[in-house]
Amino acid sequence: MGEFNPLIPVPKNYQHILALAFAIQEINRDPQLLPNITLGFRIYEEKQHASMIQDVSLSLLSSRGKVSPNYKCNTQDNLLSVLGGLNSRTSYQMATLFGYRSSDPDLRDKTQFPTFYQIDPQYHRQNAAIVQLLLYFQWNWIGMVVQRSESSDHFIRIFEVTLAQNDICIHFVKQILPRISILNILNRNQIYMLLTILNSNAQVVIISGDSNSLQNLLIALSCYEEDTQTTSGKVWILTTQWEFSAIGYYYQWEKLKSFHGALSITVHTRPVPGFKDYLWALNPHKPHGDVFLPEWWEVVFDCDVLKAGLVSPDGRRVCTGEENMDTLPSSVFDGKMTGFSYSVYNAAYSLAHALHAAYTWESQWALKRGREKPHLHLSVKPWKVTSSSVLTRNPSFPWLPSLSTLLGFINFCLSSPLSLRKVAEWKPKCCYQCVPCPEGTISNQTDAAHCDPCPKDKYPNKEKNHCIVKKLHFLTYQDTLGYTLVSLTLSLSVTTIAVLAIFLKHRDTPIVKANNRDLTYLLLVSLLLCFLCSFLFIGQPRKLTCLFQQTTFAILFSLVVSSVLAKTVMVVLAFMATKPGNSARKLLGKPLTNSIVLGCPLIQAIICITWLAASPPFPNLDFYSLVGEVILECNEGSALMFYAVLAYLGFLALISFTVAFLARKLPGSFNEAKFITFSMLVFCSVWITFLPTYLSTKGKSMVAVEIFSILASGAGLLACIFSPKCYIILLRPDLNQRKNIMRAFLYLI
């Protein structure tokens, strides 16, 4: 049966008729298939009226021109099979008349419809293809629009189960009534259904049904978009029953813009030899009994098929019959056999092979009984054709189509970066949102159930889809920070050497003698070594450098502070010795100085040796403090011992500061205590600031903080203690005279 609508002719559907005619022609010309038997056919036009389907079905069971079901007196008109239309509703109505009807119909159920066969592709494969498509693009929240039919509830139940097994949720299911006429396009139910679709948060809508029934949805959607000047923003997935050509010739093809980007599942077809030549031989002036051909020709070529010599009354062009089909767009007529036409073509061959098998069996049975070869139309009944092993074994032949290609393209972007499922509370597990993978984890796919952590020596890239090897992080000489600290270290070292040279050159002057030359030299040398020990902290940490970094710094700075403390004590004792009867004079001299200078650093050395023996520092890799980098550092080994070293150094500095502070108001000639007080104030301020800053930084910044603290505190001592004396020695030699210093105390210090 052709799917023509008297109000809206569909030119492309005419190919279904041509496919049937071509198949019958091939079968009748095949000497091996049904020899000496000619097949005929009648085509009825479907007019979308249920009563017509019943009338046609009853007429097929009666003699031509009469309606007497199951009574045929014309043996020459032997009906063996009926090829139904592409509309499932039509097929069901015909099947119920020719077969058996139940309350829950399923056309595939042979107990209910024993003589019904589907040549269409197996739709469970279509469902599987749709599921794979949804999984591929991670679409898990969808809507469905299904043409209401006798089997639609069964289809929905089966499809819902398949989707649920793959964690895909259906937001809504809307069933659309079969289209009866053009007049009910935008009724209230249609508008309500359209608004439900557009207002839902399901981005994907699956449409299942034939083109005529779903035509109203397309028109309503097109009208909505024209009125609102917006697009639906939905991804449409169309099943194989949908054929764009059936939208209607007079409903301009621009209506389809609402479905631009839709994905359509189509039936795979194979080239049919000779079919194109058969099409190109068509001539509206020689239809050979085809009543549809002239009308179709007039529609697609926009001309009138008239007898020779006649003129079109409305002035239209007269069809010559030589019009070229190659000029027709594929939306109007496709030169190659479409999926539906291919099904019609195979249906005709299926029937021919079944009839051939039944005739062969009937002939063999007759020969066994000694009869002549029987006449087919007298011996083979319709039930024998349907019971043929060809149909009962498998109605699908090797040449039959299989579900294949997904047609259509859609422009969209996948989620980036790759993401992880996050299910909202009190929602189904398929109702999840995609969130970025947590820090330190990756996923090689979007919509993953979980993210995988990177190895500790690697970190995720920006897209979080693979791991990158982390870079080693330590303070190098090539870094700007390292280069700056090295330059500062060298500058301070050169300055210290210069001061030492000045004092050595002017060692016999009063001001150098008054500052205890031996302590001065020791303080300058220890300061120089403190500056140079900064180089132990720069460069790649190794086992040996880690052992000596903190211990060298601790012992050298203990020596510096001890020297300052010794100088301060000597100043105080020298002043006290000037008072009559004071025994402080007995303490003046090298024994006390040596005791302070050697004893205090010795205690620090003992602490450091204990530290190295119990839990020495070692090179360590910190994989987690910095993103994308592995910190190569010296681990203190024992944090307690590290803080003990700092605490002892702070204790010495505090004593020295206290003594100097108490002696700051001594007479002017002994204002050495003022300079020491200020230098120790700078020293203590630097190291009090150092501790919280050191603990709050990581990597090369932590090392830089310690180096800067060493240089800053050392520079503070150097500047505060020695700059006034260098100023007098170099710029004010007139002040460097014995008469300007109290003779009573010059040589005691």
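Residues numbered from 1 in each chain as written. Predicted model: local features only at pLDDT ≥ 70, side-chain atom pairs only at ≥ 80, totals over all residues. Heavy atoms only, no water.

With an unreviewed UniProt entry as reference, the protein chain is termed G-protein coupled receptors family 3 profile domain-containing protein, source organism Naja naja. Regarding the protein chain, the UniProt comment filed under Sequence similarities (unreviewed entry) reads as follows: "Belongs to the G-protein coupled receptor 3 family." The heading Subcellular location (unreviewed entry) in the UniProt record of the protein chain holds the text "Cell membrane". (UniProt positions renumbered as here; feature names shortened; annotations may be inferred.)

Draft legend 1. Region of interest: the overall build of the protein chain. Counting secondary structure elements, the protein chain contains 21 helices and 15 strands. The 749 residues of the protein chain split such that 48% are buried. Of the roughly 38200 Å² of accessible surface on the protein chain, 59% is carried by carbon and sulfur atoms. (Helix = DSSP H or I, 4+ residues; strand = E, 2+ residues; numbered from the N terminus. Buried < 20%, exposed > 50% of the residue type's maximum accessible area, 1.4 Å probe, protein only. Areas by Shrake-Rupley, 256 points an atom, 1.4 Å probe, with all protein chains shown as cover.)

Draft legend 2. Representation of the sheet that holds strand S15 (residues 629-635) within the structure. Pairing is mixed across the open sheet formed by three strands, whose spatial order is S13-S15-S14. Every interior strand has two partners, whereas the edge strands, strand S13 (471-473) and strand S14 (618-622), have only one. Neighbour-to-neighbour, the strand axes of the sheet open up by a mean angle of 30°, direction not taken into account. Relative to S15, S14 is paired through five bridges, and the arrangement is antiparallel. (Pairing = 2+ DSSP bridges. Axes fitted to C-alpha atoms, helices over the stretch in contact; angles between N-to-C directions.)

Draft legend 3. The packing of helix H18 (residues 590-614) against helix H19 (residues 639-662), seen in detail. Between H18 and H19, the least distance of the axes is 10 Å, while the angle of their chain directions is 175°. One element, H18, and the other, H19, form an angle in the roughly antiparallel class. Taking contact as the criterion, the partners of Cys 600, Ile 603, Gln 604, Ile 607, Cys 608, Thr 610 and Trp 611 in H18 are, on H19, Met 641, Phe 642, Val 645, Tyr 648, Leu 649 and Leu 652. Taken together, the residues of the contact of H18 with H19 sort by class into eleven nonpolar, two polar and no charged. (Parallel < 35°, antiparallel > 145°, perpendicular 65-115°, else oblique. Contact = heavy atoms within 4.5 Å. Nonpolar A, V, L, I, M, F, W, Y, C, P; charged D, E, K, R; others polar.)

Draft legend 4. Here's a closer look at the pattern of salt bridges. Per the counting criterion, the structure on display carries seven salt bridges. For Arg 316, the salt bridge identified is with Asp 302, shortest N-O distance 2.9 Å. Highlighted residues: Arg 316 in the loop between helix H9 (292-301) and helix H10 (339-368) and Asp 302 in the loop between H9 and H10, separated in sequence by 14 residues. The class for Arg 316 is partly exposed, based on a relative accessible area of 30%. A salt bridge links Glu 439 to Lys 464; its shortest N-O distance comes to 3.8 Å. Of the two residues, Glu 439 is situated in the loop between strand S8 (432-436) and strand S9 (441-442) and Lys 464 in the loop between strand S11 (458-460) and strand S12 (467-469); the sequence distance between them amounts to 25 residues. With a relative accessible area of 13%, Lys 464 lands in the buried category. Members of the salt-bridge network, linked through shared partners, are Asp 302, Asp 304 and Arg 316. (Salt bridge = Lys/Arg side-chain N within 4 Å of Asp/Glu carboxyl O.)

Draft legend 5. Representation of the state of the cysteines. Tallied over the full model, the rule gives four disulfides. Here Cys 437 is linked by a disulfide to Cys 451, with a sulfur-sulfur distance of 2.1 Å. The sign of the -70° torsion about the S-S bond sets the Cys 437-Cys 451 disulfide as left-handed. Pair noted here: Cys 437 is in the loop between S8 and S9 and Cys 451 is in the loop between S9 and strand S10 (452-453), with a separation of 14 residues, a long-range link. The buried category is assigned to Cys 437, whose relative accessible area is 2%. Of the residues examined, Cys 451 reaches a relative accessible area of 14% and is grouped as buried. (Disulfide = S-S within 2.5 Å.)

Draft legend 6. Looking closely at unusual backbone geometry. Even without being glycine, His 288 reaches a positive phi, approximately 55°. Structurally, His 288 can be placed in the loop between helix H8 (275-280) and H9. Residue His 288 is classed as exposed on the basis of its relative accessible area, which comes to 77%. Backbone geometry at Lys 464 places phi at a positive 60°, although glycine is not the residue there.

Draft legend 7. Focus on the UniProt feature "transmembrane region" (unreviewed entry) in the protein chain. Mapped onto this numbering, the UniProt entry gives "transmembrane region" (unreviewed entry) at residues 481-504, 519-539, 551-575, 596-614, 640-663, 675-695 and 707-730. Its end C-alpha atoms 33 Å apart, residues 519-539 is made of 67% helix and 0% strand. Secondary structure across residues 640-663 divides into 96% helix and 0% strand, with the first and last C-alpha atoms of the span separated by 35 Å.

Draft legend 8. Representation of the nonpolar core within the structure. Ranked by internal contacts, the top residues of the largest apolar core, which has 68 residues, are Phe 503, Phe 553, Phe 557, Met 680, Phe 683 and Phe 722. Put simply, the parts of the chain that give this core at least two residues each are helix H14 (480-505), helix H15 (510-514), helix H16 (517-532), helix H17 (543-576), H18, H19, helix H20 (672-695) and helix H21 (700-731). Look past the residues within four positions of Phe 557 in its chain and what remains in contact with it is Cys 530, Leu 649, Phe 683, Trp 687, Ile 710, Ser 713 and Gly 714. One finds Ile 17, Ala 19, Ile 24 and Leu 39 within the second-largest nonpolar core, a separate group that totals 41 residues. (Core = buried A, V, L, I, M, F, W, Y, C linked by side-chain atoms within 4.5 Å.)

Draft legend 9. Fine view of H9. Counted residue by residue, H9 has seven buried out of ten residues, so it is predominantly covered. By the burial criterion, the buried members of H9 are Phe 292, Leu 293, Trp 296, Trp 297, Val 299, Val 300 and Phe 301. Elements that come into contact with the buried residues of H9 comprise helix H1 (14-29). Following H9 by one or two positions, Asp 302 has its phi on the positive side, about 55°.

Draft legend 10. View of the packing of aromatic side chains. Evaluated as defined, the whole model comprises 24 aromatic pairs. The rings of Phe 553, Phe 557, Trp 611, Phe 642, Tyr 643, Phe 683, Trp 687, Phe 690 and Tyr 694 are connected pair by pair, giving a single aromatic cluster. Geometry around Trp 280 places Lys 276 over its ring, the cationic atom sitting 5.4 Å from the centre. (Phe/Tyr/Trp six-rings, centres within 6.5 Å; stacked < 30°, edge-to-face > 60°. Lys NZ or Arg CZ within 6 Å of the ring centre and 35° of its normal.)

Draft legend 11. Up close: the environment of Leu 263. Mapped onto the secondary structure, Leu 263 falls in strand S5 (residues 263-267). Taking the relative accessible area as the measure of exposure, Leu 263 reaches 4% and is therefore buried.

Draft legend 12. Broad picture of a nonpolar patch on the surface. A surface patch of nonpolar side chains, about 210 Å² in accessible area, is lined by Val 525, Leu 529 and Leu 532. Residue placement: Leu 529 occurs in helix H16. A relative accessible area of 39% means that Leu 529 is categorised as partly exposed. (Patch = residues over 30% accessible without salt bridge, like charges linked within 9 Å, V, L, I, M, F, W, Y side chains within 5 Å.)

Draft legend 13. Looking closely at the environment of Pro 453. Note on placement: Pro 453 falls in strand S10. Looking at Pro 453, the relative accessible area reads 62%, which means it is exposed. In sequence terms Pro 453 and Glu 439 are 14 residues apart; their C-alpha atoms lie 8.6 Å from each other. Once you skip the residues sitting within four places of it in the chain, Pro 453 turns out to touch Gly 440 and Thr 441.

Draft legend 14. Expanded view of the packing of H14 against H16. Between H14 and H16, whose axes approach to 9 Å, the crossing angle comes to 165°. By the angle class used here, H14 and H16 are roughly antiparallel. With respect to the hand of their crossing, H14 and H16 are arranged in left-handed fashion. Of H16, the residues touching H14 (which contributes Thr 489, Leu 492, Ser 493, Thr 496, Ile 497, Val 499, Leu 500, Phe 503 and Leu 504) are Thr 520, Tyr 521, Leu 524, Val 525, Leu 527, Leu 528, Phe 531 and Leu 532. Per-class residue counts for the contact of H14 with H16 are 13 nonpolar, four polar and no charged. (Left-handed = near helix turned anticlockwise from the far one by under 90°.)

Draft legend 15. Examining the side chain of Thr 677 more closely. Residue placement: Thr 677 occurs in helix H20. Thr 677 sits in the buried class, given a relative accessible area of 10%.

Draft legend 16. Up close: the environment of Gln 478. Tracing the backbone shows Gln 478 in the loop between S13 and H14. On a C-alpha basis, the gap between Gln 478 and Gly 539 in space is 9.2 Å, while along the polypeptide they are 61 residues apart.

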